[in-house]
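Listed below, chain by chain, are the residues.
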Amino acid sequence: MVKVIVVGSGAGGGTVARELSRANFEVTIIERGPFIKTKDALKCYETFNSDVEIMGTVCLGGTTMVTMGNAVRTCVDEFKNLGIFLDDEFREIDEELEVQPLPLSLQGNGTRMIVESAQKLGFKPVPMPKIIDPRLCKPCGECAFGCSRDAKWTTAQYLDEAVTAGAQIMDNTPVTEIISEEGRVIGVKCGEKEYYADLVILCAGAISTPRILNRSGIKAGENLFVDTFITIGGKLEGISFSQEVLMNALIEVEDIILSPHYSTILLNKIEGAKKEDILGIMVKIKDEPSGRVTEDSVIKYNTQKDVELLSRGSAIAGAILTEVGVDTSTLVSTHPRGAHPGGTAAIGKVVDNNLETRISNLYVADASVFPVVPGAPPVLTIIALAKRLSKHIITKYKS
Ligand SMILES: Cc1cc2nc3c(=O)[nH]c(=O)nc-3n(C[C@H](O)[C@H](O)[C@H](O)COP(=O)(O)OP(=O)(O)OC[C@H]3O[C@@H](n4cnc5c(N)ncnc54)[C@H](O)[C@@H]3O)c2cc1C
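Remember, predicted model here, so these are calculated numbers, not experimental data. (Residues numbered from 1 in each chain as written. Predicted model: local features only at pLDDT ≥ 70, side-chain atom pairs only at ≥ 80, totals over all residues.)

Here we take up the domain arrangement of the chain. When the domains of the chain are assigned, the result is domain 1 (3-98 + 148-221 + 341-398) and domain 2 (104-132 + 228-338). On a C-alpha basis, the centroid separation for the pair domain 1 and domain 2 is 29 Å. Taken together, the 27 residues of domain 1 in the interface contact 28 residues of domain 2. Of all the secondary structure elements, the ones that give two or more residues to the side of domain 1 that touches domain 2 are strand 4 (53-57) and helix 6 (205-215). Considering each element in turn, the side of domain 1 that touches domain 2 owes the most residues, four residues, to helix 6. In terms of residue class, the side of domain 1 that touches domain 2 is made up of 15 nonpolar, eight polar and four charged. (Domains from an automatic or database assignment. Contact = placed C-beta atoms within 7 Å. Helix = DSSP H or I, 4+ residues; strand = E, 2+ residues; numbered from the N terminus. Nonpolar A, V, L, I, M, F, W, Y, C, P; charged D, E, K, R; others polar.)

In structure tokens, the structure reads:
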């Protein structure tokens, strides 16, 4: 049996682990964070403070545990231009994850008012496709804390299937380095301990993966993007928006997306406001990949172009909120944050089109490999890339 170590269990790792264990590879998943119940994901946030604050979660299931359930296909043409065709994988995902917009019965008043006002101003909002089971979802506005009803898809579901197919999981175990011999990977180091395998697939996310690569002699960590976002919001009495399914509609304007969103940061900034009285819109941009990950720092600032896009998006968000009837004297913005780190071990720079590094049998299958900035939710595309890599490995090692 071919032995595989998968490092990390988020969008990329959970997918590769499931696909390869179901194809009878001997899979061990080594995960830095703990096993948790989905509802406890809020406790596992890890943030990096730079000019743009970067967020993710460290636990089994990785950052999929706290997504908003948004499910769009990103960078499809850019990957096609590189000879990477993901159509089959996207079709598989649509079926397995039941990607669809939620029914109107799960759309709240705040979202509806934002959609109607955006239309009046000439924008074309569409429902956000979601990986949320409408039969289980009871809107609470807390997708990003971890779903207490397990209505939202996370890779925990793929990990369960991987374990059923024979995969082993080691949690609370950070991988520190790759072990290689004569240009070929033979295992990983977790501090003093060593684990051996025929293949290693790094899926530790766009901050950790380049660090592991750098410690193993492969230069990585440049071109960090995060799809920088801010949330603009203000007072609209009695709207109770914070308990709706958030980001339940999408407006695209060139390199900017806007989506109904609430953040507790707004609450702290609007004097005398109550949570129930705030209506907000997220402005997310295709930022420039100007960031960098080093062993002990993450550097990400806003470039002039990023600031222009954020300003333009804020103006649109402000106009929509004003049209809805939000008290304009209360409008505030959160600081810039990023929830989609990627690009730090990009295709064409650190890995080839089959996601293999220059150390043979050492692959990367997480957001690090994106060669371009998505500017939109990347999970579906990460899963599609991980599925494509799994097919490549199955063909290569089973023939
Ligand atoms: C609040 C929030 C909401 C989001 N909502 C959406 C959304 O609605 N739709 C969408 O498409 N995207 C969303 N995203 C982004 C999405 O979750 C990430 O882009 C995606 O999960 C990244 O996948 P990944 O495999 O690269 O990394 P991750 O999913 O972060 O997985 C990396 C894994 O590696 C583990 N790890 C790290 N270091 C090590 C190590 N040294 N050894 C072993 N394991 C390690 C981590 O614990 C983690 O389990 C959201 C992100 C956030 C923060």
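Moving on, we get to the sheet that holds strand 2 (residues 26-30). Sheet strands line up and pair through hydrogen bonds in the backbone, either parallel or antiparallel. Strand order in the open sheet formed by five strands is 8-2-1-12-21, with parallel pairing between adjacent strands. Strands with a single pairing partner mark the edges of an open sheet, and in this sheet they are strand 8 (168-170) and strand 21 (362-364). Each strand axis lies, on average, 20° off the axis of its neighbour in the sheet, ignoring direction. The sheet contact formed by strand 12 (residues 199-202) and strand 21 spans three bridges and is parallel. Bridge pairing in strand 21 links Val-200 to Leu-362. (Pairing = 2+ DSSP bridges. Axes fitted to C-alpha atoms, helices over the stretch in contact; angles between N-to-C directions.)

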